[in-house]
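The lines below spell out each chain.
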Amino acid sequence: MLLYSIILFCSSLSAQTDWQRWEKAYIPYSASDDEVRTKPGRERKYGNFVLDGSKKLYNFFISDLDGDNCPFQPSCSLFFIQSVKLTDIFQGALMFADRFTRDMNLIKINHYPFSRNGRLYDPVWNYTLRQENIKFIPCTETVNE
Amino acid sequence: MKISVNKFLLVIILPVLLSSGELCAQDYIKEQYDYSKELFKSEQYFDAITELKRLLFFDKSGAYNFEANYLIAQSYKSGARLNDAVKYFTISQMYARNDSLLFQAKLEVVKCNILRHTAGQSLNLLNQLERDEHFSNMQREIIYWKGWSYMFMDMWDEASLQFGKISDNHPLKELSDKVVKDKYSVSFAKVISYILPGSGQIYTGEYLSGLMSLGWAGLFGCLSAESFVADRVFDGFINSGLFLRFHHGNIQNAEKFAVEKNKRISDKALIYVQYNYKGPKP
Amino acid sequence: MNNPGLTIARFLPIFLLIILFSSAVYPYSCLYTENDSAEYPLASPQNIICFADYLYCQKDYLRAIGEYERIAPALLNDTIKFKIALGNKYIGKISQSESLLFLLGSSSIFSNEATLELFKGRFLRNDFTGLRNLYDKREITSAKYNEKIKQMYYLSFLFDEVPLPGHESFTNLFPATERKSILEFINRKENPEYKSLWKAVMLSALLPGAGKFYTEEYGDAITIAIVTGLSGYLACDNFASGHNFRAIAFTGLGALFYAGNIYGSAASAQIYNARVKFNLTSDLKLYLNKNNYFLPEYENFCK
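To keep things clear, this report deals only with the structure shown in the data block. Note that the coordinates shown come from a computational prediction; the quantities given were computed from them, not determined experimentally. (Residues numbered from 1 in each chain as written. Chains lettered and ligands numbered in written order. Predicted model: local features only at pLDDT ≥ 70, side-chain atom pairs only at ≥ 80, totals over all residues. Heavy atoms only, no water.)

Notes on the overall build of chain C
Piece 1. A tally of helices and strands in chain C yields 14 helices and 0 strands.
Piece 2. Start at the N end of chain C and walk to the C end: the helices and strands fall as α-α-α-α-α-α-α-α-α-α-α-α-α-α.
Piece 3. Looking at the 303 residues of chain C, the share that counts as buried comes to 45%.
Piece 4. Put simply, 55% of the contacts in chain C that link residues at least 6 apart link residues at least 24 apart.
Piece 5. Looking at chain C as shown, the accessible area adds up to about 15700 Å², and 60% of this sits on carbon and sulfur atoms. (Helix = DSSP H or I, 4+ residues; strand = E, 2+ residues; numbered from the N terminus. Buried < 20%, exposed > 50% of the residue type's maximum accessible area, 1.4 Å probe, protein only. Contact = heavy atoms within 4.5 Å. Areas by Shrake-Rupley, 256 points an atom, 1.4 Å probe, with all protein chains shown as cover.)

This is the structure:
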């Protein structure tokens with residue numbers, strides 16, 4: 001009876017993985033192998049090239065060398081890139097200036113939810129001044145990003 | 001005489017006839033098992049599981065309990081659903097008819113744990129198997145999979161030790177030794193960066209980054225000294241802060257490079273094993 | 001001839017043949033086979049249903065639905081159809097689930113349950129507009145669950161921006177003990193403690209940091225005041241000392257912080273308002289869960 005109940009318990013647990021049909025799948029030994037296999041082709045846009053290029057230069061010359069200081073997810077430089085991509089250069093600059101001052105605020109606890117890597121989750125779409133874009137997440141939650 | 005013939009019928013034929021119903025049922029069950037196996041062989045794993053579940057549901061004799069659960073687990077494993085595979089391999093252990101089947105099912109749990117990168121769990125299971133006297137003649141296999149577990153736990157020196165117990169020139173021992181040799185020392189990279197900014201990055205082969213770190217730390221060190229000498233205290237503090245930030249960042253950067261490079265070396269070895277190693281794999 | 005033992009012995013072979021025959025037709029009692037024409041007992045409709053029921057209770061819904069769909073449509077009774085609809089709902093196939101529920105809702109022994117399930121599904125998926133459309137069209141109604149559906153209809157207004165219907169008709173739907181709480185939620189929806197975006201902008205333009213102070217981001221407000229003030233001071237100081245390059249750099253920095261402070265105050269007011277709305281929704285959901293609203297009473301197929 002105990003055995004039967006264990007089997008029932010186990011099979012009911014596993015059932016959820018079968019709520020969609022699946023096929024044979026490859027199991028990579030190393031995560032990086034999987035990344036290489038599944039990496040999508042990059043979009044080649046002039047704006048993106050300039051932005052990504054400047055971010056790379058900033059990372060290479062300053063960000064990588066002055067340590068891991070940004071408490072936010074995404075980091076301030078990535079926030080700037082994302083805000084410019086989502087809006088325009090002027091609004092992006094204003095969003096970055098606001099983020100930069102919020103970064104300097106020493107009392108950030110109980111304001112932002114935590115992301116999976118332990119940083120404070122502060123997504124760019126909450127600051128585009130479009131009410132419909134705002135996804136409010138309470139600071140008690142941990143975001144899986 | 002008539003009565004004795006009927007007695008014969010009663011004693012000999014009755015049990016045969018009564019069991020024939022079960023035999024017929026077993027035919028259907030066997031047919032069902034063969035059909036499920038065919039689906040499995042043709043890589044239709046989702047459907048194979050459905051048919052195996054049907055088999056388990058109708059086979060009240062439990063004759064195929066081990067095989068069906070084992071095949072369900074293998075199907076899940078082939079679909080990279082390792083958690084479910086572990087569950088069904090564990091269930092199949094309950095129906096193992098002998099030590100050999102039990103060992104086979106337990107080993108599959110070990111392999112799934114290796115594949116889902118919970119090799120610590122597989123190592124615990126292997127240690128239990130090692131201590132179990134029922135499997136005393138399987139020691140070589142246990143050691144082999146311990147080596148694999150250590151490889152996936154990024155403990156290549158331990159892996160080399162295990163494969164060395166099997167053979168001094170085991171190909172996986174040679175590979176593990178090479179990985180140990182190629183890896184960078186994270187603490188050494190940090191210590192030398194503390195003494196001379198940039199040296200940790202240079203040690204890990206990142207020369208440009210190392211020189212940049214040295215440049216920033218040197219520049220702000222000089223500027224802060226110059227500011228203090230010229231009694232510009234505010235500038236001095238700002239520049240000192242920047243010097244400390246770049247000095248601290250240089251240590252973090254050296255550590256990051258060493259860890260990243262070590263990970264790349266381990267990953268490269270695992271990819272090599274997956275595609276080129278000819279021996280048993282998880 | 002009249003010896004009873006002899007008579008039994010004479011009929012014994014026939015008796016055994018009957019047993020043999022019957023056991024061949026019904027090979028195994030657990031197979032639930034009563035169809036003697038079935039070539040393969042596991043494929044008989046009774047066995048497929050039996051197995052599908054087992055899968056359904058294991059929450060293996062996709063497989064269970066697959067099995068039910070193997071049965072000839074004529075053999076599918078209302079219970080099976082309702083289980084297919086629920087199974088589809090659980091695995092996220094909403095349109096399949098809803099079309100079946102519509103069918104069952106119009107005429108079946110589960111018409112009440114199917115109708116309730118349609119409304120409940122939309123309510124729990126936060127499809128409040130869809131719920132209200134369904135209710136307003138009155139294509140489908142349930143006598144048994146009319147009260148519950150009406151409650152869901154009225155509660156849906158609290159979750160989005162649509163104006164509320166009359167208070168009295170709203171609160172009267174709920175028991176007297178709950179009316180006070182419901183009225184509180186209605187008040188929170190109608191008089192939300194929102195912060196004015198323009199007030200935040202004006203305040204921050206007049207005094208850097210004041211906008212964030214208004215939106216209750218006190219730490220940010222103090223930081224902005226210090227950073228903007230310091231940049232301004234350094235710019236003036238450097239202009240006075242003749243360090244023009246530094247002065248221009250600090251002026252630019254100060255201007256950026258000042259503009260960022262105005263922008264940030266507006267964004268902060270919007271986020272504050274989003275928080276107010278979120279709190280109302282989550283408090284309401286918590287209240288409904290606590291009071292066991294919309295618990296399914298009919299999902300007892302596996303008990």
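Next comes the rest of the description.
Let's talk about empty space enclosed by the protein
Piece 1. Within the structure shown, the criterion is met by 4 cavities of 30 Å³ or more.
Piece 2. In this model, the largest cavity occupies a volume close to 260 Å³.
Piece 3. Lining the largest cavity are 20 residues, and of these A:H111, A:Y112, A:D122, A:Y127 and C:I271 lie nearest its centre.
Piece 4. With 5 residues, helix α14 (residues 244-290) of chain C is the largest single contributor of residues to the lining of the largest cavity.
Piece 5. By volume, the second largest cavity is sized at about 60 Å³.
Piece 6. Taken together, C:F119, C:Y135, C:R138, C:I140, C:T141, C:S142, C:N146 and C:I149 form the lining of the second largest cavity. (1 Å grid on protein atoms, 1.4 Å probe; cavity = no way out; pocket = protein on both sides within 12 Å on 5 of 7 lines; lining within 4 Å. Points joined across faces, edges and corners; volume = space filled by probe spheres on them.)

Considerations on the packing of helix α6 (residues 119-131) of chain B against helix α7 (residues 139-152) of chain B
All names here are of chain B.
Piece 1. Packing of α6 against α7 leaves a shortest axis separation of 9 Å and a crossing angle of 160°. Classified by the interaxial angle, the pair formed by α6 and α7 is roughly antiparallel. The crossing of α6 and α7 is left-handed. Across from A119, S122, L123, L126, N127, L129 and E130 in α6, the residues of α7 making contact are Q139, I142, W145, K146, S149, Y150 and F152.
Piece 2. Within the contact of α6 with α7, the residues separate by chemical class into 8 nonpolar, 4 polar and 2 charged. (Axes fitted to C-alpha atoms, helices over the stretch in contact; angles between N-to-C directions. Parallel < 35°, antiparallel > 145°, perpendicular 65-115°, else oblique. Left-handed = near helix turned anticlockwise from the far one by under 90°. Nonpolar A, V, L, I, M, F, W, Y, C, P; charged D, E, K, R; others polar.)

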